[in-house]
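Topology and contacts: notes
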Amino acid sequence: GQQVMQIPQYQHVQEGEDFTTYCNSSTTLSNIQWYKQRPGGHPVFLIQLVKSGEVKKQKRLTFQFGEAKKNSSLHITATQTTDVGTYFCAGRETNAGKSTFGDGTTLTVKP
Amino acid sequence: EAGVAQSPRYKIIEKRQSVAFWCNPISGHATLYWYQQILGQGPKLLIQFQNNGVVDDSQLPKDRFSAERLKGVDSTLKIQPAKLEDSAVYLCASSSGLAGEQFFGPGTRLTVL
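Residues numbered from 1 in each chain as written. Chains lettered and ligands numbered in written order. Predicted model: local features only at pLDDT ≥ 70, side-chain atom pairs only at ≥ 80, totals over all residues. Heavy atoms only, no water.

**Examining the packing of aromatic side chains**
Enumeration according to the criterion identifies 11 aromatic pairs over all chains in this entry. With 5.5 Å between their ring centres and 40 degrees between their planes, Tyr35 of chain B and Phe104 of chain B make a pair best called tilted. Pair noted here: Tyr35 of chain B is in strand S4 (residues 31–37) and Phe104 of chain B is in strand S10 (residues 103–104), with a separation of 69 residues, a long-range link. For the residue pair Tyr35 of chain B and Phe104 of chain B, the accessibility class agrees, reading buried in each case. With a centroid separation of 6.4 Å and 40 degrees between ring planes, the pair formed by Phe65 of chain B and Tyr90 of chain B is classed as tilted. Residue Phe65 of chain B is found in strand S7 (residues 65–68), and its partner Tyr90 of chain B is found in strand S9 (residues 88–95); the two are separated by 25 residues along the sequence. No difference in accessibility class separates Phe65 of chain B from Tyr90 of chain B, as the two residues are buried. Put simply, the rings of Tyr35, Phe45, Phe88 and Phe101 of chain A together with Tyr33, Tyr35 and Phe104 of chain B pair up and form one aromatic cluster. (Phe/Tyr/Trp six-rings, centres within 6.5 Å; stacked < 30°, edge-to-face > 60°. Helix = DSSP H or I, 4+ residues; strand = E, 2+ residues; numbered from the N terminus. Buried < 20%, exposed > 50% of the residue type's maximum accessible area, 1.4 Å probe, protein only.)

**Here's the deal with the pairing of strand S5 (residues 44–50) of chain B**
Residues and elements named next belong to chain B. Extensive coverage of S5 is indicated by the burial of 5 of its 7 residues. Sheet analysis places S4 next to S5, joined by 6 bridges and oriented antiparallel. Across the sheet, residue Tyr35 finds its bridge partner in S5, namely Leu45. The antiparallel hairpin formed by S4 and S5 contains 6 residues in its connecting segment, where Gly40 sits at a positive phi of about 85 degrees. Both S5 and strand S6 (residues 53–56) contribute to a ladder of 3 bridges, which runs antiparallel. The residue of S6 that forms the bridge with Gln50 is Gly53. Between the antiparallel neighbours S5 and S6 lie 2 residues, among them Asn51 with a positive phi of about 55 degrees. (Pairing = 2+ DSSP bridges.)

So this is what it looks like as C-alpha cells:
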C-alpha cells in the first residue's frame, strides 16, 4: 500500500532560524495536504497542493509540490515560538481517495 | 460555525470491555472520517463515509471495530472487545467533499488497561 514518509522526525531550532520538513510518497499523488497539530490539540489544515511543481506561500510558510508529484516540502522562514507543533503531510493517490498521513515532524523553538 | 463535536473526550476501560465514541460533523459536510492516532504517529484512517455509505474501510479491524452513520449525519465508532494496543486518540473529521480540507474534532483519548 501507499506509504508517506516525513523527515526529520524532530527539529529543534533557535527562534529566528529557518525550518524545513520533507514529505515523500511511495506512489504518485493526486494532491497533498499539510496540517499542523499543536501539543495536546488536533490537526488543523494549512494548505492543499494539486499541481506538479506548485509553490504556495502563507506569510512565512512556503509549500512546494514536486514535479513528479511524489514529494513535498514545507519551509518556515524565521521561526517564532508560535510555530511549535507537529507538521503532517497527507497524500491522496486519487482525487477522492483516502488520505495517508505521514508520521509528522515535531518542531520545537527555543526563544 | 460550530466545529466537529466528539464525545467523550476521555475514556479509560479494561481490556476485553466495549467502548463507543460519538461524532457530530460540521453541518452540511457529507464526508466523515474516523482516524486512530497512536502517540508519536500520524493519524491512520479507519473508515471514511460519504453521506451514509462507506467509501473506505480497508484499515478497519473489522473483527473488533465497527462504525455507522445511519442518517448521514452523526456517527458512532465501537470497539468490542478492546485490546491494550487500542490505546490511542480517536479523531473524527469531516469535509464538504471527498477531496477537500478536513476539519478535525478534539478527539477521544482512549486508555485500555
